[in-house]
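Examining the three-dimensional arrangement
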Amino acid sequence: DIISINGTTITKKVVIKLKRIILPIAILFIIAGCTTKTSEEIKWYKNEQKAIEEGLKDEGLKNKDILGKVKENGEEFIFYKQDNEDGVAVSVASIGRKNDKYAFYNIDSYVQVKDNRNKNYSSEINWETHTQSDKNFIAYTGTIKGKKNYSIQTQLGLVTPYINKDTGIYYYIESIK
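Analysis parameters
- Residues numbered from 1 in each chain as written.
- Predicted model: local features only at pLDDT ≥ 70, side-chain atom pairs only at ≥ 80, totals over all residues.
- Heavy atoms only, no water.
- Helix = DSSP H or I, 4+ residues; strand = E, 2+ residues; numbered from the N terminus.
- Buried < 20%, exposed > 50% of the residue type's maximum accessible area, 1.4 Å probe, protein only.
- Contact = heavy atoms within 4.5 Å.
- Areas by Shrake-Rupley, 256 points an atom, 1.4 Å probe, with all protein chains shown as cover.
- Pairing = 2+ DSSP bridges.
- Axes fitted to C-alpha atoms, helices over the stretch in contact; angles between N-to-C directions.
- Polar contact = N/O pair within 3.5 Å; in protein donor to acceptor, adjacent residues only side chain to side chain.

Quick look at the overall build of the chain
- Counting its regular elements, the chain contains 2 helices and 13 strands.
- Across the 177 residues in the chain, those meeting the buried criterion constitute 38%.
- Within the chain, residue pairs in contact and separated by at least 24 positions form 45% of the contacts whose partners lie at least 6 positions apart.
- Just so you have it, the chain exposes about 11,500 Å², and 50% of that area is on carbon and sulfur atoms.

Structure representation (structure tokens):
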């Protein structure tokens, strides 16, 4: 049996084989994208500094990669960068606290804020994130170029983000209202 799709002729056997390959891969991506760390997967440490150091180490990073720390709504966040072949990407982790122990809790992917191929690339990115204690936040990051007084629009209005002067990357976080 032969099927024509958009002018391309293929056999039903090929369609069935493609479905058998593509469907499981698509399901795998969906499941992987929707999972979060369970309490058993989170590594707990005696102090906050050790949790940060080990969390960064797990990401292949060092303390020099920290852009800054922010406290918001009883939670502490660490914004950090990763240099890659395309430029610079940013992510955020929260510091979980439980029974006098600390954890580096990162469930977010990196977002690309600088592009080596386009020096004029300017980014303004935001995304929803949540903490180990299940509080929801919106993280904001991007790049600035030579501006001293920089503001960004958030759900709460115009705010002044934190700026890492060495990288020109800004970051900000607020509770979801």
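Continuing now.
Looking at unusual backbone geometry
- The backbone phi angle of Asn99 is positive, close to 50 degrees, even though this residue is not glycine.
- Within the secondary structure, Asn99 sits in the loop between β5 (87-98) and β6 (101-105).
- For Asn99, a relative accessible area of 68% translates into the label exposed.
- Although it is not a glycine, Asp100 sits at a positive phi angle of roughly 60 degrees.
- Along the chain, Asp100 falls in the loop between β5 and β6.

As for the pairing of strand β13 (residues 169-175)
- Across the 7 residues that make up β13, a large majority, 7, are buried.
- Both faces of β13 are covered, namely the face carrying Ile169, Tyr171, Ile173 and Ser175 and the face carrying Tyr170, Tyr172 and Glu174.
- In the sheet, strand β9 (residues 136-143) pairs with β13 via 7 bridges, with the strands oriented antiparallel. Note on β13: the bridge partner recorded for Ile138 is Glu174.
- Strand direction decides the pairing type here: strand β12 (residues 162-164) and β13, joined by 3 bridges, are antiparallel. What sits directly across from Asn164, in β13, is Ile169.
- Once β12 ends, the chain turns through 4 residues before running back antiparallel as β13, passing Gly168 with a positive phi of about 75 degrees.

Digging into the environment of Ser109
- Tracing the backbone shows Ser109 in the loop between β6 and β7 (111-115).
- Sequence separation between Ser109 and Ala89 is 20 residues, and the spatial gap between their C-alpha atoms is 9.4 Å.
- Dropping the residues within four chain positions of it, Ser109 is found in contact with Val90 and Ser91.

Re the sheet that holds β13
- Strand order in the open sheet formed by 4 strands is β8-β9-β13-β12, with antiparallel pairing between adjacent strands. The strands lining the two open edges of the sheet, one partner per strand, are β8 (124-130) and β12. When the angles between neighbouring strand axes are averaged without regard to direction, this sheet yields 25 degrees.

Some words on helix α2 (residues 48-58)
- For α2, the full list of buried residues reads Glu48, Ala51, Ile52, Glu54, Gly55 and Leu56.
- Residues of α2 that are buried make contact with β3 (66-72), β4 (75-84), β5 and β6.
- The backbone nitrogen of Gln49 lies 3.2 Å from a side-chain oxygen of the residue at the head of α2, namely Asn47.
- Once α2 ends, the next one or two residues include Gly60, with phi positive near 80 degrees.

Nothing here speaks to function; it is geometry throughout.
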